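Descriptive analysis of the structure
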Amino acid sequence: MLYRLRKFSPPLLRGCAALAFMLLTCLPTRAQQSRFNIWKGSHLVGSIVAQRVVIGERTVYTVISYSEFHIVLKQVVRSAVSTEHRAGDLSKCYTQVTVNGSLRDSSHCAPEEAALRCFVHPHERFMHHEAVAWTTARMYFEEPVSQATIFVESVMRHCPLQRTGPGQYKLVLPGNKVNRYSYRDGRLESVHVDRGFFALVFRSVV
C-alpha cells in the first residue's frame with residue numbers, strides 16, 4: 001500500500017504541481033507544504049498534500065488527497081480544494097470529490113461586486129455577502145484561535161467551530177458531520193473525520 005501511494009500521481013495532482021511550480025518560478029513567492037497520511041483504523045489508506053503559496057497580497061491554498069478503502073465495496077476517493085485569499089479575505093475557491101471515477105461533490109465561488117457567487121453541486125446557487133477570513137484549507141497551516149465559525153468550501157457556508165481543549169477543535173458540518181482538529185504549538189497534527197458509519201484520521205507526516 002505504501003508503494004502504491006508513493007507512486008500515485010493523478011492528472012489533477014500533476015496539474016496543481018505544475019501550477020505551483022509556475023508560480024514559484026515566475027513570481028516572488030513564499031511557499032509552505034504539509035503532508036498527511038490517511039488512516040482507517042490501523043490501515044494506511046491514503047495521503048494528503050496541502051500547500052500554501054503567498055504572492056504579494058494573495059494567498060493560495062491547495063489540498064489534494066487520494067485514498068482507497070472499503071465501505072461494503074471498494075471506494076477510490078480523490079479530492080481537491082483550491083482556495084485563494086486576497087488581502088486576508090476569501091476571493092475564490094473550488095472543490096471536487098470523485099469516487100471510483102465518478103463525480104460525487106463539487107463547489108466553487110467567485111467574486112461578484114461586493115459578494116461571492118456560489119455554486120454547490122448539483123443545483124444550489126446563491127450569493128454569499130459576508131467577508132470570509134477563515135476556511136478549512138487555512139486550518140491546515142494555522143490554528144483557528146478565537147474563531148467561532150469556519151467557512152467550509154465544500155458547502156460554501158460558515159459552520160460552527162468549538163474549542164474543546166488546548167489545541168483541540170470540533171467543526172460541525174451540515175448533516176451533523178464532525179471533524180476534530182488537533183494542534184500542537186500552533187501546528188496541525190491530526191484531523192479526525194467522523195461520518196457515523198465510518199471514520200478516518202489524517203495524521204501529519206513529520
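Data block above holds the structure.
Let us look at the structure shown here. Within any chain, residue numbers begin from 1 and follow the written order of that chain's sequence. The model is predicted, so local features are restricted to residues of pLDDT at least 70 and side-chain atom pairs to those at 80 or more, both for listing and for counting; the totals for chains, interfaces and linings are taken over all residues. With hydrogens and water set aside, each side-chain value is computed from the structure's full complement of heavy atoms.

For two strands to count as paired, DSSP must find a minimum of two bridges between them. Put simply, DSSP marks the helices as runs of H or I at least four residues long and the strands as runs of E at least two long, and each gets a number from the N terminus on. Alignment of strand S7 (residues 115-120) against strand S8 (residues 124-128), held across five bridges, turns out to be antiparallel. What sits directly across from Arg117, in S8, is Met127. Here S7 folds back onto S8 in antiparallel fashion, the turn holding three residues.

Attention now moves to the side chain of Arg138. Locating Arg138 in the fold gives a position in the loop between S8 and strand S9 (149-152). A distance of 3.0 Å separates polar atoms of two side chains, one belonging to Arg138 and the other to Glu142. We call two N or O atoms a polar contact when they sit within 3.5 Å, provided that within protein one can donate a hydrogen and the other can accept it, with sequence-adjacent residues counted only if both atoms are side-chain atoms.

Now for the pairing of strand S13 (residues 187-194). As judged from the seven bridges shared by strand S12 (residues 177-184) and S13, these two strands associate in the antiparallel manner. What sits directly across from Val178, in S13, is Asp194. With antiparallel pairing between neighbouring strands as the criterion, S12 and S13 make up a hairpin whose turn holds two residues, including Asp185 at a positive phi of roughly 55°. Of the strand pairs in this sheet, S13 and strand S14 (residues 199-204) are connected by five bridges, and their pairing is antiparallel. Bridge pairing links Asp194 to Ala199 in S14. Linkage of S13 to S14, two consecutive antiparallel strands, is achieved through a turn of four residues, within which Gly196 is found at a positive phi near 80°.

So, on to the side chain of Ser91. Inspection of the secondary structure assignment puts Ser91 in strand S5 (residues 89-99). Each residue is placed in one exposure class: buried if its accessible area under a 1.4 Å probe, protein chains only, is under 20% of its type's maximum, exposed if it is over 50%, and partly exposed if it falls in between. Of the residues examined, Ser91 reaches a relative accessible area of 11% and is grouped as buried. Whether two residues are in contact is decided by their heavy atoms, any of which lying within 4.5 Å being enough. The contacts of Ser91, once residues within four sequence positions are left out, are Glu84, His85, Arg86, Ala110, Pro111 and Leu116.

Moving on: the pattern of salt bridges. When the charged atoms of two side chains lie near each other, side chains of opposite charge can form a pair. The term salt bridge refers to a side-chain nitrogen of Lys or Arg lying within 4 Å of a carboxyl oxygen of Asp or Glu. In the structure shown here, the tally under the stated rule is ten salt bridges. Put simply, Arg86 and Glu84 hold a salt bridge, and the shortest N to O gap is 3.1 Å. Judged by relative accessible area, Glu84 falls into the buried class, the value being 7%. Between Glu124 and Arg157 there is a salt bridge; the shortest N-O distance is 2.3 Å. On the criterion of sequence distance, the pair formed by Glu124 in strand S8 and Arg157 in strand S10 (residues 157-165) is long-range, its members being 33 residues apart.

By definition, disulfides here are pairs of cysteine sulfur atoms that lie within 2.5 Å. Inspection of the entire model under this criterion finds zero disulfides. This cysteine, Cys93, is not joined by any disulfide, and Cys109 carries the nearest cysteine sulfur, 3.3 Å off. Residue classification places Cys109 among the buried residues on the basis of a relative accessible area of 4%.

Distances and angles like these do not, on their own, reveal function.
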